[in-house]
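If you want the building blocks of each chain, they are given just below.
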There are 2 protein chains.
Amino acid sequence: MTATVVEHLMTRLKQIGVTDVFGVPGDFSFALNDAVDNDPDMRWIGCCNELNAAYAADGYARVKGRSALCTTYGVGELSALCGVAGSYTEHLPVIHLVGMPSVSTQKARRIVHHTLGTGNFEAYADMTKPVVAASAILTPENAACQIERCLEAAVARNRPVYMALPQDYADKELAGELVCAPEAPQSDPGTLAAAIDAIAEMIGAAQSAVVLAGYLIARLGLRQVAKGLLTRTGLPFATMFMDKTALDETLPGYIGLYDGRIMNPEVRDFVEGCDCVLNIGALWSDFNTGAFTAKIDPARMIAVMQHEVRVGHATFLDVEMRDVLEGLAKVLPAKPAKVKNPAGLGEPKGAPSDPICPDYLYPRFEKFLREGDIVMAETGTISMGLGFAKMPTGAEFFNQTLWGSIGWATPAAFGAAMAAPKRRTLLFTGEGSHQMTAQDIGQFGRYDLKPIIFCLNNDGYLIERLLCKDPKSSYNDLAPWNYTQLPAAFGMTDWYCAKASTNAELEAVMAKAETCGTGAYIEVVMDQMAASPLAKKLGESIQTLYSK
Amino acid sequence: MTATVVEHLMTRLKQIGVTDVFGVPGDFSFALNDAVDNDPDMRWIGCCNELNAAYAADGYARVKGRSALCTTYGVGELSALCGVAGSYTEHLPVIHLVGMPSVSTQKARRIVHHTLGTGNFEAYADMTKPVVAASAILTPENAACQIERCLEAAVARNRPVYMALPQDYADKELAGELVCAPEAPQSDPGTLAAAIDAIAEMIGAAQSAVVLAGYLIARLGLRQVAKGLLTRTGLPFATMFMDKTALDETLPGYIGLYDGRIMNPEVRDFVEGCDCVLNIGALWSDFNTGAFTAKIDPARMIAVMQHEVRVGHATFLDVEMRDVLEGLAKVLPAKPAKVKNPAGLGEPKGAPSDPICPDYLYPRFEKFLREGDIVMAETGTISMGLGFAKMPTGAEFFNQTLWGSIGWATPAAFGAAMAAPKRRTLLFTGEGSHQMTAQDIGQFGRYDLKPIIFCLNNDGYLIERLLCKDPKSSYNDLAPWNYTQLPAAFGMTDWYCAKASTNAELEAVMAKAETCGTGAYIEVVMDQMAASPLAKKLGESIQTLYSK
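Residues numbered from 1 in each chain as written. Chains lettered and ligands numbered in written order. Predicted model: local features only at pLDDT ≥ 70, side-chain atom pairs only at ≥ 80, totals over all residues. Heavy atoms only, no water.

An unreviewed UniProt entry annotates chain A as Thiamine pyrophosphate protein TPP binding domain protein originating from Solidesulfovibrio fructosivorans JJ].

Written out as structure tokens, the structure reads:
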């Protein structure tokens, strides 16, 4: 017997390794909800709302490579859109499944709930197109083919895709021919050889070369390949902010975080002093380049991206990153690494009774990190501080550097923890961001996960106080929550919850959090303007502009 | 001196009565945030996240007629999109202001935060178009003209509009000519006379006629006009679900809520027994017509809508509802109303020690209502119960019957309370919906509002348990929150918070809630399947379909 549309969809998801589906159910999506719920090899993971579910799916994909999200028509999918767009910008293949009204309802242009009342049933699918790699409205006739097209796009382009399923089509048998997946993109052999030659030549001619290890290495599953190349060639490497832990910071060639002219002058001197810079999958965005203060002559730059290579001013299209890295490992000469690993943030500075200041906090956070930790760092002053901590072997630092949607980190930490429940998940968030999506910490308890959450309470949106004209502007104020009461209210009555305002208190609660055996929620209270060094410098440079 | 773009925008908002702006600040929107914050006649109302802010703006517009929302580029505006779409479908003029990156950044196609990284800076404005009546990206040259076009569209079409302002354009002086607002739509005099004649003729020829008083009466500010018409003509009127309290339920002609064949058979018999039905601004949507079981012969129906009239099978375009109602009041004969007001839900049924059942709960809720109350009723079983309660004079019942985005009611109640802080605001929500947006109850405390919140806890999405195949499906389960702890965690340590599981407990906590003088939060615990009659009947009819 032929499979139904929804059965075939589930089969194909499982075949590409997607068995966990984040979402919120809804009546137009019951067929999808039931298909997941009734399949012993799949798991429905409910979230409080669709945006949180999208962020959770994003966090999960960062750890496991790909993920799925399921929402209902209109109200559900539009609520998730900001999260899906974030996964698009940051290269995470989230497969978004949407339940639609039946085709008979659509044909009659009936005014049913969740519609605009205009009879246009495809408006939301159209609205979604700019933020997905492919999209389709499935029918029995097109499903076999469209599902392959969408899944292939998700995998090959490492971006979200969108598939909507009218409710009356879910249980219809596939009428279209079962097709094989479109072929994955392949390198053009001639171009590949030429690109590798050109790269090897530029590196060979250079007195000094450095690698920028970019986030795409991790996203494309190429950590082992890139590590092999760097280990063999002894090339030193830096990372930029978005790329942190794309490769282990304990590898011999690591020189530190490169942030243009704003931070780490020794790393900048090294990188900008080299006469060849090999960028492997890093993005030249504002917050990834110290607000565009990273200055590297394009003529001295090589960029190996997902499907193309640039060597100086020449571009080589249709070459895949994996093939380029593997090819380079064969032709570049073997050398030992000769650089010194960065020292990290050093000792926390301050007396035990002092209020907690950035000079104490971030070095203390660094000491707290363990091998293999999942570190979810929210956009804002907290990630700008933590980004400069040295990460242990196997620890991964996640931040939404390009999309920068505050609120992301809390559900993303939940998603990441679901993807790797045996690893330790640490969430570092400012309280303004946390307020956006805080309710989904309740899911940690529901799914028996034990994260350690640090919520930095500095009485408002600090990064905005630093960047706007008047730090006292009322729009940067927040409702005064009692943060340590949140876990119990959200159902985790056994969590360790505590508040620290001095360094001594911080020491005590961090020690307890590490050993309590339950989830832990730590509110770190700091002065309203106590910012990490990078945040402070960004603020100062903006204020200089304002005063001109 | 000529005004700047942002100054002119604020001036025009104030001139049309919009002085409160809901939102979340962001660096690309600082110019807008500052303009509101620095203007003594305007007020910034912060929310935890943009979707909640959009819902709050929606609730505010329901009470005050129009409202404003301000978000930042990309992450902010997309997060708000589901809420804005809801205001679109339900005819609420929410003016959405968005801060954009500077035009110099746009021209250079720089990869800055909150962009897709593709250099397309207008993608979000394009994505928004299907859910707004008008949109514009403002420049010094076009601002004067585009602001008028957008504001006029918001007012005339009673729908949201979208205006994006690049950050470097905000403080530039207006370069375009100051134009007057486009003229509001006017009735065509000949068509108007013909439409009124046709309506009067059909009503005059009818043995019996009834009015369906629709939500557009309230949205378009025509309550007094419609009330005048009904009082003069003595025509009996019913409302449908979305239209509840479009006119006072204590007016002499009110016969009750018409819900097709599902509920209130005596109202259905009356409405469907009349040989002329005058629909004033009601929508023929699924949940407004008892799932399309409302059956009225189009030949016997008159529909007076916002800009058009249908009389039987003839449509009269370009006639405004106000003009039609005022015209009808002059030509229809004066008669006294002769119907009996509906009795309401009667006495609560059950013993004091019984668990709370729908037969007790909804009659008890009805007795709790006072004149002038704002009743915010969340989509789900709770509004399906409360919708049949008789509302006191001046009380308004709000529900999102067409859009039906669960989570809406909690922030919408906050917005409504901000619009009318002297009225009593009651929020009735199921706990599944409440989890979506619960964090913004913190805003009630921050702005010194004292709502009474009823959170119905029946351990899952009950309406979905009723409508899906297997009520036990895991996707309808929720994280087990301790709801009564939420207000304190969100900052309201002085609120009265209590939980009721029996009728006696319910009596005690409702009495206390009414007199406590602070905000009150009541968790009503009910059996997992204890549904209001309408919800139960909808569920039964769906289950009959499944079993066929």
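Once you've had a look at it, read on.
Participant: When you look at the relation of the copies chain B and chain A in this model, what are you seeing that I'm missing?
Facilitator: Here two copies of a chain appear, and what relates them is a rotation about an axis with a shift along it. Once chain B is rotated about the relating axis by 180° and shifted along it by 0.0 Å, it coincides with chain A to within an RMSD of 0.0 Å. Accordingly, the operation relating the two chain copies is best matched by a two-fold axis. Among all C-alpha atoms of chain B, that of M127 of chain B lies closest to the rotation axis, at 2.3 Å. Interface overlap between copies: 100% of the residues of chain B at the interface are likewise at the interface in chain A, consistent with a symmetric, same-surface contact. (Least-squares fit on C-alpha atoms with pLDDT ≥ 70 in both. Contact = heavy atoms within 4.5 Å.)

Participant: What am I meant to see in the state of the cysteines here?
Facilitator: Chemically, a disulfide is nothing more than a covalent bond linking the sulfur atoms of two cysteines. Counted according to the given criterion, the structure contains zero disulfides over all chains. Free cysteine C47 of chain A: the closest other cysteine sulfur is in C48 of chain A, separated by 7.3 Å. Of the residues examined, C47 of chain A reaches a relative accessible area of 4% and is grouped as buried. C70 of chain B provides the cysteine sulfur closest to C468 of chain A, a residue in no disulfide bond, and the two sulfurs are 13 Å apart. Look at C468 of chain A and you get buried, because its relative accessible area is 0%. (Disulfide = S-S within 2.5 Å. Buried < 20%, exposed > 50% of the residue type's maximum accessible area, 1.4 Å probe, protein only.)

Participant: Can you help me understand the interface of chain B and chain A in this one?
Facilitator: Size of an interface: often given as the accessible area lost when the parts come together. In this assembly, 80 residues from chain B lie in contact with 80 residues from chain A. Buried area between chain B and chain A, summed over both chains or domains, comes out near 6,300 Å², and the portion from carbon and sulfur atoms is 62%. The tally of links from chain B across to chain A stands at two salt bridges. The shortest N-O distance in the salt bridge between K469 of chain A and D171 of chain B comes to 3.9 Å. Applying the counting rule to chain B against chain A returns 25 residue pairs in polar contact (both at pLDDT 80 or more). Listing elements by their share of the side of chain B that touches chain A, those giving two or more residues are α2 (30–38), α3 (50–64), α4 (75–89), α6 (123–128), α16 (431–437), α17 (442–446), α18 (462–467) and α19 (486–489) of chain B. When residues in the side of chain B that touches chain A are grouped by element, the largest group, eight residues, is from α4 of chain B. Taken together, the residues of the side of chain B that touches chain A break down into 42 nonpolar, 27 polar and eleven charged. (Buried area = accessible area lost by both parts, 1.4 Å probe. Salt bridge = Lys/Arg side-chain N within 4 Å of Asp/Glu carboxyl O. Polar contact = N/O pair within 3.5 Å; in protein donor to acceptor, adjacent residues only side chain to side chain. Helix = DSSP H or I, 4+ residues; strand = E, 2+ residues; numbered from the N terminus. Nonpolar A, V, L, I, M, F, W, Y, C, P; charged D, E, K, R; others polar.)

Participant: Explain the packing of aromatic side chains to me, please; I cannot follow it from the model alone.
Facilitator: Think of a pair of aromatic rings as described by two things: how far the centres are apart, and how the planes are tilted against each other in angle. On inspection of all chains with the given rule, the structure shows 43 aromatic pairs over all chains. On the basis of an interplanar angle of 75° and a centroid distance of 6.1 Å, the ring pair of Y124 of chain A and W403 of chain B is categorised as edge-to-face. Residue Y124 of chain A is located in helix α6 (residues 123–128), and its partner W403 of chain B is located in the loop between β15 (396–398) and α15 (409–419); the two belong to separate chains. With respect to class, Y124 of chain A is no different from W403 of chain B; both count as buried. For the pair F365 of chain B and F428 of chain B, a centre-to-centre distance of 4.7 Å together with 70° between the ring planes defines the contact as edge-to-face. Here F365 of chain B is found in helix α13 (residues 358–368), whereas its partner F428 of chain B is found in strand β16 (residues 425–430), with 63 residues between them in sequence. The exposure class assigned to F365 of chain B is buried, which follows from its relative accessible area of 1%. Residue classification places F428 of chain B among the buried residues on the basis of a relative accessible area of 0%. Feature note: the residues F22, Y60, F414, F444, Y447 and W495 of chain A constitute an aromatic cluster, connected by ring pairs. (Phe/Tyr/Trp six-rings, centres within 6.5 Å; stacked < 30°, edge-to-face > 60°.)

Participant: Explanation requested: the pattern of salt bridges in the structure shown.
Facilitator: Pairing of side chains with opposite charge becomes possible as their charged atoms draw close. For the structure shown, the criterion picks out 42 salt bridges over all chains. Between E148 of chain A and R12 of chain A there is a salt bridge, and its shortest N-O distance comes to 2.7 Å. Pair noted here: E148 of chain A is in helix α7 (residues 143–157) and R12 of chain A is in helix α1 (residues 5–15), with a separation of 136 residues, a long-range link. Of the two residues, E148 of chain A and R12 of chain A, both sit in the buried class. Among the salt bridges present, the one from R310 of chain B reaches E308 of chain B, with a minimum N-O distance of 3.3 Å. The exposure class assigned to R310 of chain B is partly exposed, which follows from its relative accessible area of 34%. Through salt bridges that share partners, D58, R62, E90 and R219 of chain A make up one connected network.

Participant: In this structure, what is going on with unusual backbone geometry? I would like to understand it.
Facilitator: Working note: non-glycine residues mostly have negative phi, and peptide bonds are mostly trans. Positive phi, close to 45°, is recorded for N264 of chain A, a residue that is not glycine. Summarising the element assignment, N264 of chain A is placed in the loop between β9 (254–257) and α11 (265–273). Not every positive phi belongs to a glycine, and T245 of chain B is a case in point at roughly 65°. Its location among the elements puts T245 of chain B in the loop between β8 (237–239) and β9 (254–257). Classification of T245 of chain B by relative accessible area gives buried; the value is 3%.

Participant: How should the nonpolar core be read in this particular structure?
Facilitator: One broad rule of soluble globular proteins: the nonpolar side chains tend to lie buried together. Residues F22, M376 and L486 of chain A together with F22, M376 and L486 of chain B are the most contacted members of the largest nonpolar core, which totals 134 residues. Residues in contact with M376 of chain A, not counting those within four places in the same chain, are F398, W408, A409, A412, A413, A416, L426, L427 and F428 of chain A. (Core = buried A, V, L, I, M, F, W, Y, C linked by side-chain atoms within 4.5 Å.)

Participant: So what exactly am I meant to see when it comes to the environment of L13 of chain B here?
Facilitator: Residue and element names in this part refer to chain B. Positionally, L13 belongs in helix α1 (residues 5–15). L13 gets classed as buried once you look at its relative accessible area, which sits at 0%. Along the backbone, L13 and A193 are 180 residues apart, and their C-alpha atoms lie at a distance of 35 Å. Non-local contacts of L13, meaning those with residues more than four positions away in its chain, are made with V18, M42, I95, L97 and L151.

Participant: Help me understand the environment of V84 of chain A in this model?
Facilitator: Residue and element names in this part refer to chain A. Counting through the fold element by element, V84 comes out in helix α4 (residues 75–89). When the C-alpha atoms of V84 and Y55 are compared, they prove to be 7.8 Å apart, with 29 residues separating the residues in sequence. With sequence-adjacent residues up to four places away left out, V84 is seen in contact with A54, L69, H96, V131, V132 and P160.

Participant: Would you take a moment to explain the sheet that holds strand β3 (residues 67–72) of chain A for this structure?
Facilitator: Note on sheets: strands pair through backbone hydrogen bonds, and any given pair is parallel or antiparallel. All names here are of chain A. The sheet built from six strands is open, its strands ordered β2-β1-β3-β4-β6-β5 with parallel pairing. Strands with a single pairing partner mark the edges of an open sheet, and in this sheet they are β2 (43–46) and β5 (134–137). The average angle at which neighbouring strand axes cross in this sheet is 20°, direction not considered. Relative to β3, strand β1 (residues 20–23) is paired through three bridges, and the arrangement is parallel. Looking at the pairing, F22 lines up with L69 of β3. Strand contacts of α7: β4 (94–100), β5 and β6 (161–166), with the helix running at about 160° to β5, the strand carrying the most contacts. (Pairing = 2+ DSSP bridges. Axes fitted to C-alpha atoms, helices over the stretch in contact; angles between N-to-C directions.)

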